[in-house]
Amino acid sequence: MNELSSRLSQVQTQIRDFALSCDRDPDDITLVAVSKTRPASDIQQAFEAGQKIFAENYLQDALPKILALKDFSIEWHFIGRIQSNKTRHIAENFSWVHTVASYKHGRRLSDQRPAKLLPLKLCIQLNLTGEQSKAGIHQQDLLPLLEKLSDLPHIEVKGLMTMPPAAASVEQQHQVFGQLRTVMLNAIDNGHKLDTLSMGMSGDMQAAICEGATMVRIGTAIFGKRT
């Protein structure tokens, strides 16, 4: 087992242990390997070690890797900030987008999704901490946005995504992730069929899992520190 495969195995074990410690089924949690800035060769190594789902932040970095690895049955997720002039490439090349924060971007992704592909699965990004540096809608804007997006034919809103402040304490991590879970339950009570909480990264995965994460986005713990 090489170093990358070993780190991947360790992350899988952590997810299992964290889930069991919170009385959760580990199979309810999907590991999304964040491969931004990593070469295609690293992604291929992780794929051959059993990881099938990868996420990219930067479209210009992702597209050559998607092309290079087109013969591998990889599920690609986009987790970067969306720019309107790049929605076509996102709609054509990814299965999931975790960072939708406006009707405009949802409509463009629906309009530009090729008809031959399954609907593009989306998470709505919420900014629950009011940080100016973070994208995402405010909590009170979620239900109106979900109503508008529900009419678009080539997308499917699956859930919500958020990130706590980088320097958040463990208590603050639990607070932010718990709040997102409450927001999703409220949306479900209002008739929206959501089942995905995309939350938790290498540094706050345990809190996210204990608060109900169904997808964790892990990069550094798998691929090592970025240079």
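A.B. asks: Looking at this structure, I do not really get helix α3 (residues 59-68). What am I missing?
C.D. replies: Since there are 3.6 residues in each turn of an α-helix, residues three or four apart along the chain are aligned in direction. Listed as buried for α3 are L59, A62, K65 and I66. The arc enclosing the buried residues of α3, seen along the axis, measures out at 130°, which places them on a common side. Of the exposed residues in α3, those oriented more than 90 degrees away from the buried face are Q60, L67 and A68.

A.B. asks: How should I be thinking about the pattern of salt bridges in this particular structure?
C.D. replies: For side chains of opposite charge, pairing can occur when their charged atoms come near one another. Counted according to the given criterion, the structure contains ten salt bridges. One salt bridge connects E3 with R7, and the closest N-O pair in it is separated by 2.8 Å. Separated by four residues within a single helix, E3 and R7 lie in helix α1 (residues 3-21), roughly one turn from each other. On the accessibility criterion, E3 (59% relative accessible area) is exposed. The partner of E131 in a salt bridge is K134, with the nearest N and O atoms 2.7 Å apart.

A.B. asks: Looking at this structure, I do not really get the environment of E147. What am I missing?
C.D. replies: Mapped onto the elements of the fold, E147 is located in helix α6 (residues 142-149). When the C-alpha positions of E147 and Y103 are compared, they lie 9.9 Å apart, and in sequence the two are 44 residues distant.

What counts, and where the lines are drawn
- Residues numbered from 1 in each chain as written.
- Predicted model: local features only at pLDDT ≥ 70, side-chain atom pairs only at ≥ 80, totals over all residues.
- Heavy atoms only, no water.
- Buried < 20%, exposed > 50% of the residue type's maximum accessible area, 1.4 Å probe, protein only.
- Helix = DSSP H or I, 4+ residues; strand = E, 2+ residues; numbered from the N terminus.
- Arc of directions from axis to C-beta.
- Salt bridge = Lys/Arg side-chain N within 4 Å of Asp/Glu carboxyl O.

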